[in-house]
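Results of the structural survey
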Amino acid sequence: MKTADGPAQKNLRDLIEEESLTLFAGLPHGTARLWDMLGENVKPMVVSIVGVNGVGKTTTIGKLAQLFARDGKKVLLGAGDTFRAAAISQLKIWADRTGADFVTGREGADPGAVAFDSVTAGKARGADVVLLDTAGRLHTKSNLMEELKKVHRVVKKVIPDAPHEVWLVVDGTLGQNSIAQAREFQKTLELTGVIITKLDGTAKGGAVLAIASELRLPIRFIGVGEQAEDLIPFEPKPFVEAILGIS
Ligand code: GDP
């Protein structure tokens with residue numbers, strides 16, 4: 001019998017680490033690619049943020065605004081979830097807090113029109129990044145997906161390559177439900193990445209490993225709390241080492 005710190009134990013941990021890391025191989029995690037693209041004169045970079053209500057979408061957009069602003073980027077937030085007045089006012093608070101520009105319409109306004117106005121304003125005002133909040137719930141799932149597709153089509157009228165990124169926000173505490181949700185979005189939209197929230201609580205890294213292996217999408221960021229700074233660009237190695245207790 002080996003002790004907990006004996007060689008057999010270490011080898012097993014190495015093996016698990018290696019296996020876990022293969023789940024992430026070949027995918028552009030973190031923000032590296034985003035900034036590479038900005039370097040290629042993609043301005044503004046239009047990022048559409050999608051996900052069902054309650055997963056932490058609005059909070060994540062606020063955190064992203066803060067992160068990008070700290071990187072010296074000029075950010076514009078487009079409040080496209082016009083079905084919820086609360087989502088609009090919450091996003092406005094984040095815009096004020098982070099110094100981001102803010103565009104929206106009235107409650108009930110056409111989300112496509114808000115997206116169009118946001119990207120047009122971002123282009124006119126020289127924004128580096130336009131983050132578009134989108135609806136997370138409609139009467140039916142197919143309505144929601146059609147609405148999101150329409151928003152993306154409208155954005156192309158301003159910038160043909162936009163949205164450059166479509167990031168799905170999922171709640172790390174929901175386990176298999178998050179994967180089922182992600183599959184629905186993946187069926188209709190060209191997702192380019194995932195953000196997994198609420199990894200500060202009881203949720204452990206399992207959700208991240210499952211999502212990476214089942215969806216084969218880059219994990220861009222993880223949310224680890226409710227504050228502005230609680231968003232971390234995802235990097236496989238330190239993450240896997242943390243969940244395996246290797247420091
Ligand atoms: P939305 O409906 O998807 O826009 O969700 P919200 O942004 O309104 O967030 C729903 C709740 O989740 C709020 O209470 C947030 O403070 C909370 N939340 C968001 N991200 C995180 C996170 O990473 N960790 C924790 N603990 N809570 C979060």
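Residues numbered from 1 in each chain as written. Predicted model: local features only at pLDDT ≥ 70, side-chain atom pairs only at ≥ 80, totals over all residues. Heavy atoms only, no water.

1. Here we look at the environment of Phe116
Short version of the rule: Runs of H or I in DSSP of at least four residues are treated as helices and runs of E of at least two as strands, each being numbered from the N terminus.
Note that Phe116 resides in helix α5 (residues 111-124). Along the backbone, Phe116 and Val151 are 35 residues apart, and their C-alpha atoms lie at a distance of 8.0 Å.

2. Quick word on the sheet that holds strand β5 (residues 165-171)
As a reminder, the rule being used: Strand pairing is defined by DSSP finding a minimum of two bridges between the two strands. Here the axes come from fitting lines to C-alpha atoms, over the contacting stretch only for helices, and the angles between their N-to-C directions go from 0 to 180 degrees. The contact rule is simple, with two residues in contact once any of their heavy atoms fall within 4.5 Å.
The strand order across the open sheet formed by eight strands is β3-β2-β4-β1-β5-β6-β7-β8, and the pairing between neighbours is mixed. Every interior strand has two partners, whereas the edge strands, β3 (101-104) and β8 (231-233), have only one. Between one strand axis and the next, the sheet turns by 20 degrees as a mean value, whatever way the strands run. Where β5 and strand β6 (residues 193-197) come together, five bridges link them in parallel fashion. By the bridge assignment, Asp171 is partnered in β6 with Thr197. Of the strands in this sheet, β1 (45-50), β2 (75-79), β4 (129-133), β5, β6, β7 (219-223) and β8 are in contact with helix α3 (residues 57-70), which crosses β4 at around 170 degrees.

3. A closer look at the site of the ligand
Going by this rule: When at least one non-hydrogen atom of a residue lies within 4 Å of a molecule or strand, that residue is treated as near it. Here a polar contact is recorded for every N or O atom pair within 3.5 Å, except that within protein the pair must consist of a potential hydrogen donor and a potential acceptor, and residues adjacent in sequence are included only if both atoms are side-chain atoms. Accessibility throughout is a Shrake-Rupley quantity obtained with a 1.4 Å probe, and a residue counts as covered only by protein chains that appear here. Polar here means any residue other than Ala, Val, Leu, Ile, Met, Phe, Trp, Tyr, Cys and Pro, which are nonpolar, and Asp, Glu, Lys and Arg, which are charged; Gly is therefore polar.
In the vicinity of the ligand, 17 residues are found, and the nearest of them are Gly54, Lys57, Thr58, Thr59 and Glu226. Contacts to the ligand include Thr58, whose side-chain N or O atom sits 2.6 Å from an oxygen atom. Relative to its free-state accessible area of 580 Å², the ligand is covered by the protein chains to the extent of 80%. With four residues, the top contributor of residues to the shell around the ligand is α3. Here the residues of the shell around the ligand are counted per class, giving three nonpolar, eight polar and six charged.

4. Overview of the domain arrangement of the protein
Rules: An automatic or database domain assignment supplies the residue ranges for each domain. By buried area we mean the combined loss of accessible area, with a 1.4 Å probe, across both parts when two parts are placed together. Salt bridges are identified by distance alone: a Lys or Arg side-chain nitrogen within 4 Å of an Asp or Glu carboxyl oxygen.
By the assigned domains, the protein splits into domain 1 (67-127 + 137-161) and domain 2 (176-247). Taken over C-alpha atoms, the centre of domain 1 sits 23 Å from the centre of domain 2. Contact residues are listed per partner, giving nine residues for domain 1 and seven residues for domain 2. Across the interface of domain 1 and domain 2, roughly 770 Å² is buried in total on both sides, 82% from carbon and sulfur atoms. Considering only the side of domain 1, the residues that lose the most area to domain 2 are Leu67, Trp94 and Met145, jointly responsible for 52% of the buried surface there. Counting across the domain 1 and domain 2 interface gives zero salt bridges. Viewed at the interface, domain 2 and domain 1 are joined by zero residue pairs in polar contact (both at pLDDT 80 or more). Elements that contribute at least two residues to the side of domain 1 that touches domain 2 include exactly α3 and α6 (141-158).

5. Regarding the pairing of β2
Selection criterion: For every residue, the accessible area (1.4 Å probe, protein chains only) is compared with the maximum for its type, and the residue is labelled buried under 20%, exposed over 50%, or partly exposed between those bounds. A clockwise path from the first strand over the helix to the second, with the strands pointing away from the viewer, defines a right-handed crossover.
Buried residues dominate β2, accounting for five of its five residues. By the alternation rule, side chains of β2 split into Val75, Leu77 and Ala79 and Leu76 and Gly78, which are all buried. Strand direction decides the pairing type here: β2 and β4, joined by five bridges, are parallel. Residue pairing across strands places Gly78 opposite Leu132, the latter belonging to β4. As paired strands, β2 and β3 are joined by four bridges and run parallel to one another. Bridging from a neighbouring strand, Ala79 pairs with Thr104 of β3. Remark: the β2/helix α4 (residues 85-98)/β3 crossover connection has right-handed handedness.

6. Some remarks on the nonpolar core
This is how it is decided: Definition used in this section: a nonpolar core is a set of buried Ala, Val, Leu, Ile, Met, Phe, Trp, Tyr and Cys residues joined via side-chain atoms within 4.5 Å.
Ranked by internal contacts, the top residues of the largest apolar core, which has 29 residues, are Phe24, Val50, Phe185, Leu191, Ile196, Val208 and Ile219. Two domains share this core, each providing at least three of its residues, namely domain 1 (67-127 + 137-161) and domain 2 (176-247). With residues near it in sequence (within four places) discarded, Phe24 still touches His29, Val208, Leu209, Ala212, Arg216, Ile219, Phe234, Pro236 and Val240.

7. A look at α5
Put simply, the rule is: The length a helix should cover is 1.5 Å for every residue beyond the first.
Taking 1.5 Å of rise per residue, 14 residues should cover 20 Å, and α5 covers 20 Å from first to last C-alpha, within 8% of that figure. Among the residues of α5, those classed as buried are Pro111, Gly112, Val114, Ala115, Ser118, Val119, Ala121 and Gly122. On its buried face, α5 is in contact with β1, β2, β3, β4 and α6. Backbone nitrogen of Gly112 and a side-chain oxygen of the N-cap are separated by 3.1 Å at the start of α5; the cap is Asp110. Backbone geometry just downstream of α5 places Gly126 in the positive-phi region, at approximately 70 degrees.

8. Considerations on unusual backbone geometry
In this structure, Pro44 follows Lys43 across a cis peptide bond, with omega equal to -5 degrees. Backbone geometry at Lys198 places phi at a positive 65 degrees, although glycine is not the residue there. Mapped onto the secondary structure, Lys198 falls in the loop between β6 and α8 (206-215). In the Ramachandran plot, Arg216 falls in the positive-phi region, its phi being about 50 degrees despite a non-glycine side chain.

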